[in-house]
Amino acid sequence: KQEVTQIPAALSVPEGENLVLNCSFTDSAIYNLQWFRQDPGKGLTSLLLIQSSQREQTSGRLNASLDKSSGRSTLYIAASQPGDSATYLCAVKKYSGGGADGLTFGKGTHLIIQP
Amino acid sequence: GAGVSQSPRYKVAKRGQDVALRCDPISGHVSLFWYQQALGQGPEFLTYFQNEAQLDKSGLPSDRFFAERPEGSVSTLKIQRTQQEDSAVYLCASSSVGDTEAFFGQGTRLTVV
């Protein structure tokens, strides 16, 4: 059974710092990996999607990398801002030979950016 | 619609009551997923539809949980005889096909008292 672990569970840093969130998964047979942001009481907002054949994806100040063979992904946030405060979730979709499967999520990293 | 829409946003149910949660996916999206998110946890997969066909219901925690998508668009998650452990946020997601980016709704927060 696929297990996804996110480290750290919580992080509080001053505004302006660059930071890295880590995600690891136990089964490397994945189809894609997706990073989400969740604000309190809200749903999930997709940040970046990395297909299994890709190594990284970038969107603005965000960069996500994927090392499928070692079962790891990192989300890099540059020049953090108070508005980046949220819970960040990593999720993987397993490869099922053309079928579709639900995502397996980590428990998230609760990020606070201090003004 | 512009995004995935879920209703109601909040539901308080007395233990033993039946509830129905609605999901309107993004127009044209073939795949629809339901997830359950307990407080402080990541979402956990419940069930998956491709059009009107329920292809995977392995995540449903008990036979009190039932989902349907009769016309391949709107879906309803029904929970019978609710228990306190059913209290959670129920999230719906849709995608154009099963293996592409998933878009989530705002969720329904269910509290069983």
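Each value, and the rule that gives it
Residues numbered from 1 in each chain as written. Chains lettered and ligands numbered in written order. Predicted model: local features only at pLDDT ≥ 70, side-chain atom pairs only at ≥ 80, totals over all residues. Heavy atoms only, no water. Pairing = 2+ DSSP bridges. Helix = DSSP H or I, 4+ residues; strand = E, 2+ residues; numbered from the N terminus. Axes fitted to C-alpha atoms, helices over the stretch in contact; angles between N-to-C directions. Contact = heavy atoms within 4.5 Å. Buried area = accessible area lost by both parts, 1.4 Å probe. Salt bridge = Lys/Arg side-chain N within 4 Å of Asp/Glu carboxyl O. Polar contact = N/O pair within 3.5 Å; in protein donor to acceptor, adjacent residues only side chain to side chain. Disulfide = S-S within 2.5 Å. Buried < 20%, exposed > 50% of the residue type's maximum accessible area, 1.4 Å probe, protein only. Core = buried A, V, L, I, M, F, W, Y, C linked by side-chain atoms within 4.5 Å.

Student: How should the sheet that holds strand β8 (residues 75-79) of chain B be read in this particular structure?
Tutor: Consider a sheet: its strands pair through backbone hydrogen bonds, and that pairing is either parallel or antiparallel. Residue and element names in this part refer to chain B. Taking strand neighbours across the sheet as the criterion, the four strands line up as β1-β3-β8-β7 in an open arrangement whose pairing is antiparallel. Each having just a single partner strand, β1 (5-7) and β7 (65-68) make up the two edges of the open sheet. The sheet shows a mean angle of 15° between the axes of neighbouring strands, taken without regard to direction. Where β7 lies against β8, four bridges are found, and the strand directions are antiparallel. Following the sheet pairing, Phe65 is matched in β8 by Ile79.

Student: Please clarify how the interface of chain B and chain A should be interpreted in this entry.
Tutor: Accessible area lost during the coming together of the parts is what is often quoted as the interface size. Tallying the contact residues gives 19 residues for chain B and 22 residues for chain A. Carbon and sulfur atoms make up 50% of the area that chain B and chain A hide from each other, which totals about 1600 Å². At the boundary of chain B with chain A, the tally comes to zero salt bridges. At the boundary of chain B and chain A, one finds six residue pairs in polar contact (both at pLDDT 80 or more).

Student: Help me understand the state of the cysteines, please; the structure alone is not making it clear to me.
Tutor: What makes a disulfide is a covalent bond joining the sulfur atoms belonging to two cysteines. All told, the structure shown has two disulfides over all chains when counted by the stated rule. Disulfide pairing places Cys23 of chain A opposite Cys90 of chain A at an S-S distance of 2.0 Å. Disulfide Cys23 of chain A-Cys90 of chain A: torsion about the S-S bond near -60°, hence left-handed. You can see Cys23 of chain A sitting in strand β3 (residues 19-25) and its partner Cys90 of chain A sitting in strand β9 (residues 86-94), a full 67 residues away along the chain. As far as burial versus exposure is concerned, Cys23 of chain A and Cys90 of chain A are alike and both buried. A sulfur-sulfur separation of 1.9 Å characterises the disulfide bridge that pairs Cys23 of chain B with Cys92 of chain B.

Student: How should the environment of Arg37 of chain A be read in this particular structure?
Tutor: All names here are of chain A. For Arg37, the location among the structural elements is in strand β4 (residues 30-38). It is 6.2 Å that separates the C-alpha atoms of Arg37 and Leu89, two residues lying 52 residues apart in sequence. Apart from the residues within four sequence positions on either side, Arg37 is in contact with Gly43, Leu44, Thr45, Leu47, Gly83, Asp84, Ser85, Ala86, Thr87 and Tyr88. Within the local environment of Arg37, its side chain forms a polar contact with the backbone oxygen of Gly83, the two atoms lying 2.7 Å apart.

Student: Even after reading the chapter, I still don't get the side chain of Gln6 of chain A, so can you show me in this structure?
Tutor: All names here are of chain A. Tracing the backbone shows Gln6 in strand β1 (residues 4-7). At 3.0 Å, the side chain of Gln6 forms a polar contact with the backbone nitrogen of Gly108. With sequence-adjacent residues up to four places away left out, Gln6 is seen in contact with Asn22, Cys23, Trp35, Tyr88, Leu89, Cys90, Gly106, Lys107, Gly108 and Thr109.

Student: Explain the nonpolar core to me, please; I cannot follow it from the model alone.
Tutor: The nonpolar side chains of a soluble globular protein tend to be buried with one another. Core analysis: the biggest nonpolar cluster contains 22 residues, and Leu19, Phe25, Leu33, Trp35, Leu75, Ile77 and Tyr88 of chain A have the highest contact counts within it. Contributions of two or more residues to this core are made by β3, β4, β5 (44-51), β7 (62-67), β8 (72-77), β9 and β11 (109-114) of chain A. Discounting chain neighbours no more than four positions away, the residues touching Leu75 of chain A are Leu19, Val20, Leu21, Trp35, Leu47, Leu48, Leu62, Asn63, Ala64 and Tyr88 of chain A. With 20 residues, the next largest nonpolar core counts Leu46, Ala67, Leu77 and Tyr90 of chain B among its residues.

Student: Any chance you could explain the pattern of salt bridges here in plain terms?
Tutor: Under the criterion given, the structure shown has five salt bridges over all chains. For Arg61 of chain A, the salt bridge identified is with Asp84 of chain A, shortest N-O distance 2.9 Å. Placement of Arg61 of chain A in the loop between β6 (56-59) and β7 and of Asp84 of chain A in the loop between β8 and β9 is noted, with a sequence separation of 23 residues between them. Across the salt bridge formed by Asp86 of chain B and Arg64 of chain B, the nearest N and O atoms sit 2.8 Å from each other. One end of the pair, Asp86 of chain B, is in the loop between β8 and β9 (88-95); the other, Arg64 of chain B, is in the loop between β6 (53-56) and β7, and 22 residues separate them in sequence.

Student: What's the story with the sheet that holds β6 of chain A in this structure? I'm lost.
Tutor: Residues and elements named next belong to chain A. As summarised here, the arrangement of the five strands in space is β1-β3-β8-β7-β6, forming an open sheet in which the pairing is antiparallel. Across the chains shown, the open sheet's two edge strands, defined by having one partner strand only, are β1 and β6. Strand-to-strand twist in this sheet, taken as the mean axis angle between neighbours without regard to direction, amounts to 15°. Relative to β8, β3 runs antiparallel, the two being bridged by six bridges. Following the sheet pairing, Leu21 is matched in β8 by Leu75.

Note that every value here comes from positions in space, so none of it alone points to a role or purpose.
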